[in-house]
Amino acid sequence: MAQLDDLAFFQRLAQAGSLTATARELGLSLSAVSKRLKQLEARLGVTLASRTTRRLTLTPEGERYLVRGAAILEELVELEEALGAQRAELSGPLKINATFGFGRRHVAPLLSHFCARHPGVEASLELSNFPLTPGEQGVDIGIRVGEPPDSRLVARHVLANRRVLCASPRYVASMPPLETPADLSAHPCLVLRENDSDYAVWRFRRRDGGAEQAVKVAGPLTSNDGEVIVGLALDGHGVMLRSWWDVHEWLARGELVELLPGWRGVRADFHAVYPQRRHVPARLRAFVELLQRELPRRVAALPA
């Protein structure tokens, strides 16, 4: 139907951001793309975008046509899949957002496996220090640490995780006493610097389930990269608080030692989050199911 072709054309136009980029992607002339947009606006009787050859700005009507049109196209894909397309023939775009370390080590290999099995999926993995909200900037799935605060998002648990206080055996052999979280003030703490603060706040909970305790920590060595922090700890420079998924292999080999046996770092489970919608695309559901199935196989189970 012409209306569906128009919806698909406008989706490409909005994603490309300009008439020139759209013409290049579709292999058409600039005049042909401009004429197609004018014909669409004439049929609808509204202006969908103000434009130059370099930039396209959607009007409120254009935003509505884009959002509702995307939902209609998604429903069409869902219908076709439900009517007979096999799971091995999943197709369509899938944009995933995750943090740098976890995304590189675990999400990227699983995405590679997923796309090899489903070559019709057009996937994009965007890594960032701060999470992007699914539904914005084209993100379909966000891999988040902890429960998402936005109730408009569906959250699927994909991996159990907690923070672990640890250091190298070399540091432990000569370190000052460490019996409670408050004693960390006497230790060089390896801080993951995520903002401009001069200190970090580390949170712990008694092993017997008591109240949470938060302590401010600081040290002479900091970094904005988790891998650097782990390397500094392995070299004996001090104490770090890192996620179980990141350090469990070092702990198993004895190259790191967990500290404060009477206390534990707080839970920081991973969830795959995506916007609530009536029809969830099969490719999105399939990738979340892959995360739920495979991530626990890649990371050792949390000790009791």
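One can find the structure itself at the top, above this paragraph.
Description of the structure in this document.

### Examining the pairing of strand S7 (residues 163–167)
S7 sits mainly inside the fold: 4 of its 5 residues count as buried. Bridge count between S7 and strand S12 (residues 240–243): 4 bridges; the pairing is antiparallel. Bridging from a neighbouring strand, Cys166 pairs with Met240 of S12. In terms of strand pairing, S7 meets strand S13 (residues 257–258) through 2 bridges, oriented antiparallel. For Cys166, the partnering residue across the bridge sits in S13 and is Glu258.

### Let's talk about the packing of helix H1 (residues 2–16) against helix H3 (residues 30–44)
Where H1 meets H3, the closest approach of the two axes is 11 Å, and the angle between their N-to-C directions is 125°. The angle between the axes of H1 and H3 places the two elements in the oblique class. The way H1 lies across H3 gives a crossing that is left-handed. Contacts from Gln3, Asp5, Asp6, Phe9, Phe10 and Leu13 of H1 reach H3 at Val33, Arg36, Leu37, Leu40 and Arg43. Looking at the contact of H1 with H3 residue by residue, the classes come out as 6 nonpolar, 1 polar and 4 charged.

Definitions and limits used
- Residues numbered from 1 in each chain as written.
- Predicted model: local features only at pLDDT ≥ 70, side-chain atom pairs only at ≥ 80, totals over all residues.
- Heavy atoms only, no water.
- Buried < 20%, exposed > 50% of the residue type's maximum accessible area, 1.4 Å probe, protein only.
- Helix = DSSP H or I, 4+ residues; strand = E, 2+ residues; numbered from the N terminus.
- Pairing = 2+ DSSP bridges.
- Axes fitted to C-alpha atoms, helices over the stretch in contact; angles between N-to-C directions.
- Parallel < 35°, antiparallel > 145°, perpendicular 65-115°, else oblique.
- Left-handed = near helix turned anticlockwise from the far one by under 90°.
- Contact = heavy atoms within 4.5 Å.
- Nonpolar A, V, L, I, M, F, W, Y, C, P; charged D, E, K, R; others polar.

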